[in-house]
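Residue-level structural notes
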Amino acid sequence: PFSSMSVVDNVALAAGFAKTRSPLVSLLNTDRHGERRRARDLLALVGIADVAEQRPDALPLGYLKRLEVARALALAPRVLLLDEPLAGLNQAEAGELADTVLGLNHNGHTVVMIEHNLGEVMRTCSRLVVIDNMAEIGAGVPAEVMADPVVRSAYLGSGDAAA
């Protein structure tokens, strides 16, 4: 995020992407009230509306991750791709962000998440794909995929000393 801008302005900038694509369009569209309103709605959706006027550099990592989700949502994606969104978060923060992502999915957003926090993956995902060395080794219902010995060996280690 841009540390010199407030949290709400970071999201509003993303929400106004159509107005900032071109310098001419940007000069002709100076009213940002709609984008700020949309930004506030998105901040509420991801659970950080209470810090809308703060600068991102004053926020903990869990809030910054939620800010990034709000900024991505501001672009109205057809698919929300999240790469390791839970990395670096403590258990409580990871659970809260995972709940937010699950809520987004339940509200109609398609979410593809690359994540190694197996506990949260098992709790929140309806479909799991496991890739090892660039090859798919399992796909389907998370509990069934994780029960596969090939997947378990790749993810948890085989326990063989000869390997």
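The notes below deal with the structure included here. (Residues numbered from 1 in each chain as written. Predicted model: local features only at pLDDT ≥ 70, side-chain atom pairs only at ≥ 80, totals over all residues. Heavy atoms only, no water.)

Side note on the layout of surface pockets
Summary: where empty space remains is shown by rolling a probe the size of a single water molecule over the atoms. Space inside the largest pocket adds up to approximately 760 Å³. Sorting the residues of the lining of the largest pocket by element identifies α6 (91-106), β2 (110-114), α7 (118-124), β3 (128-132) and α9 (149-156) as the ones contributing at least two each. Looking at the lining of the largest pocket residue by residue, the classes come out as 19 nonpolar, six polar and three charged. (1 Å grid on protein atoms, 1.4 Å probe; cavity = no way out; pocket = protein on both sides within 12 Å on 5 of 7 lines; lining within 4 Å. Points joined across faces, edges and corners; volume = space filled by probe spheres on them. Helix = DSSP H or I, 4+ residues; strand = E, 2+ residues; numbered from the N terminus. Nonpolar A, V, L, I, M, F, W, Y, C, P; charged D, E, K, R; others polar.)

Some details on the nonpolar core
Considering soluble globular proteins, one finds that nonpolar side chains tend to be buried as a cluster. Grouped together as the largest cluster of nonpolar side chains are 29 residues, with contacts concentrated most on V11, L43, I48, V69 and L73. It is helix α1 (residues 7-15) that contributes the most residues to this core, six residues altogether. Ignoring sequence-local partners within four residues, the contact set of V69 consists of V46, L80, L82, L97 and L104. Listed in part, the six residues of the second largest apolar core include V121, V130, M146 and V151. (Core = buried A, V, L, I, M, F, W, Y, C linked by side-chain atoms within 4.5 Å. Buried < 20%, exposed > 50% of the residue type's maximum accessible area, 1.4 Å probe, protein only. Contact = heavy atoms within 4.5 Å.)

Concerning the pattern of salt bridges
Applying the stated criterion across every chain yields a total of eight salt bridges. R66 is the partner of E96 in a salt bridge, and the nearest nitrogen-oxygen pair spans 3.9 Å. Taken as a pair, E96 in helix α6 and R66 in helix α5 (residues 61-74) lie far apart in primary sequence, 30 residues in all. Each member of the salt-bridge network shares a partner with another, and the members are D9, R36, R40 and E53. (Salt bridge = Lys/Arg side-chain N within 4 Å of Asp/Glu carboxyl O.)

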